[in-house]
Amino acid sequence: MKLLLVEDDKTLGETICDLLESESYEVIWVQNGEEALDITYVSNFDLLLLDVNVPFLNGFELLSSLRDSGDNTPAIFLTALVDIESLKKGFAVGADDYIRKPFDPTELIVRINVAIEKSFSSHSKEVRFSNLLYNIQKEVFYLNGSKLKLTNYEFIILNALIKDAGKVVKKEDILHLLSVDEEASESGLRVHISKLKKLDIKIENIRGIGYRLNEE
Amino acid sequence: MKNKNNSISRFFWIYFSSVFILIVSSGIFYFFEQKSALEKEEYSSILLYAKMQQYTGNTFYDKLFSFELKSKYKPWYEKNVMHKDGQFFVYEAPTQDPTQFLIIKKTTNVFEKNRITLMINIFIVVISLLVVFMFISLFLARESIRPLNDMIQNLDDFIKNLVHDLNTPATSILLNAQLLQTKKGKNDDKRIARIESSTKEILSLYKNLSVLLNEHKFELIQQDISPIIKNIIESFKDQHTNIEFKFISEDECFLKIDKQALEQILNNLISNACKYKAKENSFVHVHLENRQLIIKDNGLGMQYPEKVFERLYSEHTKGHGIGMYIVQKLTEAMNIRIQFNSKKDVGTEVILILEV
């Protein structure tokens, strides 16, 4: 699980990294809003942890511009701002949760997990769709009970499809996720999809639009 | 907000009620003054009428008046007074014949009409004056609490920022302490170091606040300030690895100075330079030459550098406006002159002239 932490205080930033890494999350930590924006263009994250008072581009502006560009990565504000107006603003710009400092480390972990699960429209550690099962924590897919061995690209594609299972996921959105790792082309995507189909995963090609994960 | 409205309404009622008493009482006095003038007018018109009757041999006619001759004994000491009798003013005028009196009656209709008009006019003037003064009172009430209100607003922001500044190190201490307890990972030394650095942060805030409350006691001792400066820069170097620090100094610089106060001045100045650093290639250069200490950065700078020493003035969301105020207080106490040059988006240069 890969998280982006935006926190300008060096000591607290290191501490939160330490905390999350000891819970086996992968954490990328940046100290200002602009760096955060830059890194979200080149990497995908499972969750964003944002402080509000960070230099150059504050947390609210950062999340707002991410949401405007269509980035729906779940986001949690970690902030010392305790007033209701800030809380309102946080949710208005598209936050999924809002944690006030100081917080309990366990609470942070719980809230992170819940936010990630919700991004899969799930209320537990697992997402089940038809004969497919995805363990969010372990980041592993199971088909009919047996573990799937997927390449990195196949994993990203299937991950995107199961987040919106039963709905059409746009080709461009998947390509956007993939372009991070390779010069993605539509034909390349088609190759990956057909490999997944061969594994007996019910993916339907919606011509000209995208793909949909179907029930059996 | 509620307190603010309370004080406005209190000020308002104080202003307004005193003006109310003044206006209403002058209205009443004016009314009685004018009323007696009206009565005098009536009296003189009756006197005039009596004269006319005398001259004309009781043949003069006026529709407002009536008269009759009466023989009546009237003692000498009884004055001729006009009095009101029901709907008439009555006056007993002497005639040529000492046994006879002319009883003159004048209807009070005109007088009553004038009296009521007077009353209405005064009432209208009083009410309109009250309305005008009501607005003036409201304006004055608002104006009089405005400076107080601004101060409360500033203090509010200050406390908010202070809470924020305490919150971050407190969170970090709490998290590190809990991480130490879980014994997960092998970063215990780092965790302890982080607790220490967060505690130092809180301590520096505490020191600033105690200077703000005049609790610092100065101990001026002759000493070399160069190593003190060097130590402080070193501690900032550890905290801010992405800023280039440079310290250029003569070998020794002995001054009679309070070490703690100097440390605090430098801490505040350098932490500002770090807090408001440039996006890229940021530097903080410190020169100690010819009894001048120069701290220069290429950071965000200030738009209104003339306001830098104002208490609670801050141009950035991260500042609380006490650091530079304290720098000024401490330098003043040690007779250090301070020059502040800053330009927005270019950088800041602070010169301390150490001719103590």
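Residues numbered from 1 in each chain as written. Chains lettered and ligands numbered in written order. Predicted model: local features only at pLDDT ≥ 70, side-chain atom pairs only at ≥ 80, totals over all residues. Heavy atoms only, no water.

Q: Summarise the pairing of strand β10 (residues 337–343) of chain B; cite the residues concerned and give the values.
A: Residues and elements named next belong to chain B. As judged from the seven bridges shared by β10 and strand β11 (residues 347–353), these two strands associate in the antiparallel manner. From the neighbouring strand, Ser342 faces β11, where its bridge partner is Thr348. Hairpin connection from β10 to β11: three residues lie between these consecutive antiparallel strands, with Asp345 at a positive phi of about 65°. (Pairing = 2+ DSSP bridges. Helix = DSSP H or I, 4+ residues; strand = E, 2+ residues; numbered from the N terminus.)

Q: Quick rundown of the pattern of salt bridges? Include the residues and the values.
A: In the structure shown here, the tally under the stated rule is 18 salt bridges over all chains. The residue Glu14 of chain A makes a salt bridge to Lys10 of chain A at a minimum N-O spacing of 3.4 Å. Here the residue Glu14 of chain A and the residue Lys10 of chain A both occupy positions in helix α1 (residues 10–22), the gap between them amounting to four residues, near one helical turn. In this structure, Lys237 of chain B and Glu234 of chain B form a salt bridge, with 3.4 Å as the shortest nitrogen-oxygen distance. Taken as a pair, Lys237 of chain B and Glu234 of chain B lie in helix α4 (residues 226–239) at a separation of three residues, close to a single helical turn. Overlapping salt bridges bring together Lys10, Glu14 and Asp18 of chain A together with Asp188, Arg191 and Arg194 of chain B as one network. (Salt bridge = Lys/Arg side-chain N within 4 Å of Asp/Glu carboxyl O.)

Q: Residue-level account of the pairing of strand β4 (residues 75–79) of chain A, with values.
A: All names here are of chain A. With respect to burial, β4 is a largely interior element, five of its five residues being buried. The two faces of β4 match: Ala75, Phe77 and Thr79 on one face and Ile76 and Leu78 on the other face are all buried. Pairing geometry for strand β3 (residues 47–50) and β4, over three bridges, is parallel. Bridging across to β4, Leu48 finds its partner in Ala75. In the sheet, β4 pairs with strand β5 (residues 97–100) via four bridges, with the strands oriented parallel. Bridge pairing links Ile76 to Asp97 in β5. After leaving β4, the chain enters helix α4 (residues 84–92) and then returns to the sheet as β5, a path that is right-handed. (Buried < 20%, exposed > 50% of the residue type's maximum accessible area, 1.4 Å probe, protein only. Right-handed = clockwise from strand over helix to strand, strands pointing away.)

Q: For the confidence of the model for chain B, give the residues involved together with the corresponding values.
A: For chain B, the average pLDDT comes to 85, and 94% of its residues sit at 70 or higher. Across the interface, the model reports ipTM at 0.70; the global pTM reads 0.62. (pLDDT = per-residue confidence, 0-100.)

Q: Break down the interface of chain B and chain A for me, with residues and values.
A: Facing the 26 residues of chain B at the interface are 21 residues of chain A. Around 2,300 Å² of area is buried between chain B and chain A when both sides are counted, 56% of it from carbon and sulfur atoms. Of all residues in chain B, the largest losses of buried area upon contact with chain A belong to Leu175, Arg194 and Lys279 of chain B, amounting jointly to 23% of the total for that side. Remark: the boundary between chain B and chain A carries three salt bridges. Between Asp18 of chain A and Arg194 of chain B there is a salt bridge, with the nearest N and O atoms lying 2.5 Å from each other. (Contact = heavy atoms within 4.5 Å. Buried area = accessible area lost by both parts, 1.4 Å probe.)

Q: Explain the sheet that holds strand β8 (residues 283–289) of chain B to me, using residue names and the numbers behind them.
A: All names here are of chain B. The mixed open sheet is built from five strands, whose spatial order is β6-β8-β9-β11-β10. Looking at which strands have only one partner, the edges of the open sheet turn out to be β6 (244–249) and β10. Neighbouring strand axes in the sheet, compared pairwise and without regard to direction, differ in orientation by 10° on average. Here six bridges tie strand β9 (residues 292–297) to β11, and the two strands are oriented antiparallel to one another. Among the inter-strand pairings, Asp297 is bridged to a residue of β11, identified as Thr348. Against the sheet, helix α5 (residues 259–275) touches β6, β8, β9 and β11, its axis set at about 20° to β9. (Axes fitted to C-alpha atoms, helices over the stretch in contact; angles between N-to-C directions.)

Q: Describe the confidence of the model for chain A, naming the residues involved and giving the relevant values.
A: On average, residues of chain A score 82 in pLDDT, and 96% of them are at 70 or above. Helix α7 (residues 171–178) of chain A is the least confidently modelled element of chain A, averaging 76 in pLDDT, while β3 of chain A averages 92, the highest of any element.

Q: Would you mind going over empty space enclosed by the protein in detail, with residue names and values included?
A: Where empty space is left in the structure can be found by rolling a water-sized probe over the atoms. Residue and element names in this part refer to chain A. With the rule as written, the count across this model stands at one cavity of 30 Å³ or more. Quantified by volume, the largest cavity comes out at close to 40 Å³. Lining the largest cavity are Phe129, Ser130, Asn131, Leu132, Leu143, Ile201, Lys202, Leu213 and Asn214. Its residues assigned to classes, the lining of the largest cavity shows five nonpolar, three polar and one charged. (1 Å grid on protein atoms, 1.4 Å probe; cavity = no way out; pocket = protein on both sides within 12 Å on 5 of 7 lines; lining within 4 Å. Points joined across faces, edges and corners; volume = space filled by probe spheres on them. Nonpolar A, V, L, I, M, F, W, Y, C, P; charged D, E, K, R; others polar.)

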